[in-house]
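What follows is each chain in one-letter form.
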Amino acid sequence: MTNHWVDIKNADLVVVMGGNAAEAHPVGFRWAMEAKIHNGAKLIVIDPRFTRTASVADFYTPIRSGSDIAFLSGVLLYLITNNKYNREYVEAYTNANLIVREDYSFDDGLFSGYDAANRKYDKTSWNYELDEKGFAKRDLTLSHPRCVWNLLKEHVSRYTPEVVANICGTPKDDFIKVCEYLAATSVKDKTASFLYALGWTQHSVGAQNIRTMAMIQLLLGNMGMAGGGVNALRGHSNIQGLTDIGLLSQSLPGYMTLPNEKQPDLQTYLAASTPKPLLEGQVNYWGNYPKFFVSMMKAFFGDKATAENSWGYDWLPKWDKGYDVLQYFEMMNQGKVNGYICQGFNPVASFPNKNKVIASLSKLKFLVTIDPLNTETANFWQNHGEFNDVDPAEIQTEVFRLPSTCFAEENGSIVNSGRWLQWHWKGADAPGEALNDGEILSGIFTRLRHMYQQDGGAQPEPVLNMSWNYQTPDNPDPEEVARESNGKALADVLDPATGAVLVKKGQQLSSFAQLRDDGTTSSGCWIFAGSWTPDGNQMARRDNADPSGLGNTLAWAWAWPLNRRILYNRASADPQGKPWDEKRRLISWDGAKWSGADIADYSAAAPGSDVGPFIMQPEGLGRLFAIDKMAEGPFPEHYEPFETPLGTNPLHPNVVSNPAARVFKGDLEAMGKHDKFPYVGTTYRLTEHFHYWTKHAVLNAIAQPEQFIEIGEKLANSLGIAHGDTVKVSSNRGFIKAKAVVTKRIRQLDVNGQKVDTIGIPIHWGYEGVAKKGFIANTLTPFVGDANTQTPEFKAFLVNVEKV
Ligand SMILES: Nc1nc2c(c(=O)[nH]1)N[C@H]1C(S)=C(S)[C@@H](COP(=O)(O)OP(=O)(O)OC[C@H]3O[C@@H](n4cnc5c(=O)[nH]c(N)nc54)[C@H](O)[C@@H]3O)O[C@H]1N2
Ligand SMILES: Nc1nc2c(c(=O)[nH]1)N[C@H]1C(S)=C(S)[C@@H](COP(=O)(O)OP(=O)(O)OC[C@H]3O[C@@H](n4cnc5c(=O)[nH]c(N)nc54)[C@H](O)[C@@H]3O)O[C@H]1N2
Ligand SMILES: [Mo]
């Protein structure tokens, strides 16, 4: 989230689209209700199903799963044509007036630079036209035909209300009503907050769904504002922490990138990773990349990392291609993987195309699971009749099960969706032989290191040189790890201007502004610098004082970066420094610095300067045109799901689905077609369950006892299916059986001249635990993912339904 949970109460309009907050985030959703009750906010829901969130909304309208980019692009067109945007904000704080290169183009569904053989773009032309000094050219009058504003207008001009209704199946009047709700927040003293999660991310166009919404927020002037922002409601309790600490295969802590094999030395890597400002005088905070990186290497390798050996650069792995989970299971399926360590992950249940996952695990020599529970994955080799019809005699994979603790059995911090790091304390000892995850991994590490020391081996350096100075190396204290993530001074840290000592050698750092690229500081995760200062554990603070009434509670826990609660809050005031809305005053200028109800986003520039508020961008501006980031284009474009009920893309039949999505040849061929699988399947969760774990809890198992599917009345009638009948739902990859819930909550939609029906499929059941055994919903889902995040397309695929 750019904002945070409590801040949702400040919104005038809460839009739930691409998620079902009342169901999946019932506790945090109270802030949407607070906005309604205490702020007179309206709550609107756009979802293929009438959900529990819709049941408390002021307005609900349906949408065909997988068509949100068309919908949101239509909103952009509406705002622009009807002059419902914050013009001053757009001109000063977005890249609307920057000029794009002449060789950029978009035609018939493809942007310039497409390489069809590799399903990839060369993004060179998606950039600004630069002047002699390397700065982007600008036209403040917005009249240049290639300024971002005019290209945007042209790009979205196709998404008229008629086109939106035709692609999305949303009734045209309903669509316009949503536009009007949003347009009402374009004034300076109104904000809208979008709450979204998987209904947007789990698509082959997931990241672009979110980008389109972010562009709306920029037009409305809602970024940086209390009650505005881009707010992903995250999933597992510490999944925000997972990405913060860099646990994705191409990431390093603090959103740095793992080097690739085209970067053989530190200089090449740092040059590629450290942006140069694209407008004169910008903050360009990523310009500090070398400080973050070198400090991280000092945390990884301690004294072994020196200037002479490029801080141990050669010891980091270099990737050749993305090793996301889709890629890894594909490699496993091709027999290219020997062993797999599966920690807190139940891919047989949670990953797409269950039969492919089982086939892949069957080709391993060994599988290690680290989990407090017994999972379908640990027992993938067992025969469970029709639920898992395998022959154990044919599977040679050796499985090791290492029981772990869960969060309530250990101290530690959890990062919530709002970027707050909150410390928690152990509530009970773990049962049986369970060890905490840190102890298990450290135990493996120290034993491996011992083996390398004794026997040698290929590439021993990363293991031998890893710094591991914990009091008990086989079981580091969470407190020690947290202090290491924050970082400390390895020598006196000096003020470059005055030479004064800022931090004494050995002391904890209090800010990432103190990081250096000369080896005198260490920090395991630069964005966490400030979480454990000389004053102690900031994450454990529990003072809920809220003097501004905006809910920022600056002394409750600690938020990255630097305890800032609302990112880009400089944009909450106009260029002269006057808040757009007095009742949402986050920061003010006192003549020397910014301060106020939040930690100011940048303190250097006085009001009236040209320093843009979006300090993580080299041009300092919010991007309506994303110059080099997105895999499938600098503007969002509607592409159909890989399994489309239309069999075409109404906008450009030659380019139906995302041309850069993550998909492998065999899986592409295994996509179902609408003649055999005419209905849209979409999967989701229920409040009464948590993923696959609560199959082990009797009360949850009773609350939602068996697999059901939701089917609309019209379709059910035409198929002769009655409420409570057992049905078989099949896709091109397999089938499940379930009870039919015949409902008014799912409507038949009119799309591109045909009727489109949706089948709702909750996830949860399997063959482990105390719950009634069931089929695994992911037997049905396709093995294809988003082009940027590789998140699987769980929300839109094709199925057939029959009564059995
Ligand atoms: N009780 C409980 N809470 C949970 C979880 C749990 O298992 N149980 N899981 C947690 C996790 S890990 C996560 S990631 C979050 C997920 O949180 P959510 O994303 O809110 O959860 P889903 O149930 O997947 O709901 C997605 C909603 O998106 C809708 N949808 C599907 N396709 C589209 C589309 O194309 N466009 C639009 N506009 N909507 C669409 C679906 O109909 C559904 O209502 O929940 C978390 N909270
Ligand atoms: N079709 C479909 N599939 C989906 C989704 C969907 O909407 N539709 N949602 C997807 C989403 S958003 C997610 S997040 C995934 C979730 O997928 P998974 O993460 O694979 O599933 P979970 O059951 O949430 O958790 C995995 C295991 O973590 C274990 N665990 C809990 N605490 C700890 C701990 O402290 N340490 C260790 N080592 N293990 C622990 C649990 O016991 C559980 O067995 O599913 C995805 N799959
Ligand atoms: Mo999730």
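Residues numbered from 1 in each chain as written. Chains lettered and ligands numbered in written order. Predicted model: local features only at pLDDT ≥ 70, side-chain atom pairs only at ≥ 80, totals over all residues. Heavy atoms only, no water.

Undergrad: I tried to follow the overall build of the protein on my own but got confused; where do I start?
TA: Within the protein one finds 21 helices and 35 strands. In summary, the protein has a C-alpha radius of gyration of 26 Å against a globular reference of 28 Å for 804 residues, a match within 12%. The C-alpha extent of the protein, read off along each of the three principal axes, is 80 × 70 × 55 Å. In the protein, which comprises 804 residues, the proportion classed as buried is 57%. (Helix = DSSP H or I, 4+ residues; strand = E, 2+ residues; numbered from the N terminus. Rg over C-alpha atoms; globule rule 2.2 N^0.38 Å. Buried < 20%, exposed > 50% of the residue type's maximum accessible area, 1.4 Å probe, protein only.)

Undergrad: In this structure, what is going on with a nonpolar patch on the surface? I would like to understand it.
TA: The grouping of Ile 341, Leu 441, Ile 444, Leu 448 and Met 451 at the surface amounts to a nonpolar patch, some 420 Å² of accessible area in total. Considering each element in turn, the nonpolar patch owes the most residues, four residues, to helix H16 (residues 437–455). If you trace the backbone, Ile 444 turns up in helix H16. Among the residues examined, Ile 444 registers a relative accessible area of 33% and is labelled partly exposed. (Patch = residues over 30% accessible without salt bridge, like charges linked within 9 Å, V, L, I, M, F, W, Y side chains within 5 Å. Areas by Shrake-Rupley, 256 points an atom, 1.4 Å probe, with all protein chains shown as cover. Salt bridge = Lys/Arg side-chain N within 4 Å of Asp/Glu carboxyl O.)

Undergrad: How should I be thinking about the UniProt feature "domain: Molybdopterin oxidoreductase" (unreviewed entry) in the protein in this particular structure?
TA: When the UniProt feature table is mapped onto this chain numbering, "domain: Molybdopterin oxidoreductase" (unreviewed entry) sits at residues 2–380. Secondary structure across residues 2–380 comprises 34% helix and 11% strand; the distance between its end C-alpha atoms is 40 Å. (UniProt positions renumbered as here; feature names shortened; annotations may be inferred.)

Undergrad: Hey, could you run me through the pairing of strand E8 (residues 192–196) in this one?
TA: Remark: a regular strand shows side chains that alternate across the two faces of the sheet. Of all five residues making up E8, five are buried, and the element is well covered by its neighbours. Side-chain alternation along E8 places Ala 192, Phe 194 and Tyr 196 on one buried face and Ser 193 and Leu 195 on a second face that is also buried. Of the pairings in the sheet, the one linking strand E1 (residues 13–17) to E8 comprises four bridges and is parallel in character. Residue pairing across strands places Leu 13 opposite Ala 192, the latter belonging to E8. Bridge analysis of E8 against strand E9 (residues 230–232) gives three bridges, and the strand direction is parallel. In the sheet register, Leu 195 faces E9, and the bridge partner there is Asn 231. (Pairing = 2+ DSSP bridges.)

Undergrad: Help me understand the sheet that holds strand E13 (residues 366–370) in this model?
TA: Pairing between sheet strands relies on hydrogen bonds along the backbone, with the strands arranged either parallel or antiparallel. The strand order E12-E13-E14 describes an open sheet built from three strands, whose pairing is parallel. Here the strands that pair on one side only, and so sit at the sheet edges, are strand E12 (339–343) and strand E14 (398–402). The sheet shows a mean angle of 15° between the axes of neighbouring strands, direction not considered. Two elements, E12 and E13, share five bridges in a ladder whose sense is parallel. When the bridges of E13 are listed, Cys 342 appears paired with Thr 369. (Axes fitted to C-alpha atoms, helices over the stretch in contact; angles between N-to-C directions.)

Undergrad: It is not clear to me how the site of ligand 2 should be interpreted in this structure. Could you clarify?
TA: Neighbouring ligand 2 are 27 residues, the closest being His 236, Asp 371, Asp 437, Trp 693 and Asn 778. Between ligand 2 and Ser 404 there is a distance of 3.3 Å, counted from a nitrogen atom to a side-chain nitrogen or oxygen. Arg 685 has a polar side-chain atom sitting 2.9 Å from an oxygen atom of ligand 2. Relative to its unbound accessible surface of 910 Å², ligand 2 loses 87% to contact with the protein. Grouping the constituent residues of the shell around ligand 2 by class yields 10 nonpolar, 13 polar and four charged. Looking at the shell around ligand 2, you find at least three residues from each of domain 1 (325–410 + 433–464) and domain 2 (662–803). (Near = heavy atom within 4 Å. Polar contact = N/O pair within 3.5 Å; in protein donor to acceptor, adjacent residues only side chain to side chain. Nonpolar A, V, L, I, M, F, W, Y, C, P; charged D, E, K, R; others polar. Domains from an automatic or database assignment.)

Undergrad: For this particular structure, what's the right way to read the packing of aromatic side chains?
TA: The description of two aromatic rings rests on the distance between their centres and on the angle between their planes. Tallied over the entire structure, the rule returns 48 aromatic pairs. Ring plane angle 55° and centroid distance 4.8 Å describe the contact between Tyr 269 and Phe 293, whose orientation is recorded as tilted. Of this pair, Tyr 269 sits in helix H11 (residues 266–273) while Phe 293 is found in helix H12 (residues 289–301), placing the two residues 24 residues apart along the sequence. Overall, Phe 293 belongs to the buried group, its relative accessible area being 0%. A connected cluster of aromatic rings, assembled from ring pairs, spans Tyr 269, Tyr 285, Trp 286, Tyr 289, Phe 292, Phe 293, Tyr 313, Phe 512 and Trp 526. (Phe/Tyr/Trp six-rings, centres within 6.5 Å; stacked < 30°, edge-to-face > 60°.)

Undergrad: Just checking my understanding: could you explain the site of ligand 1 for this structure?
TA: If you check the shell around ligand 1, you find 30 residues, and the closest are Ala 24, Asp 47, Gly 66, Leu 198 and His 689. Separating a nitrogen atom of ligand 1 from a backbone N or O atom of Ile 46 is a distance of 3.2 Å. For ligand 1, a nitrogen atom lies 3.3 Å from a polar atom in the backbone of Leu 686. Calculation on ligand 1 without its partners gives an accessible area of 920 Å², and the protein chains cover 95% of this total. Per-class residue counts for the shell around ligand 1 are 10 nonpolar, 15 polar and five charged.

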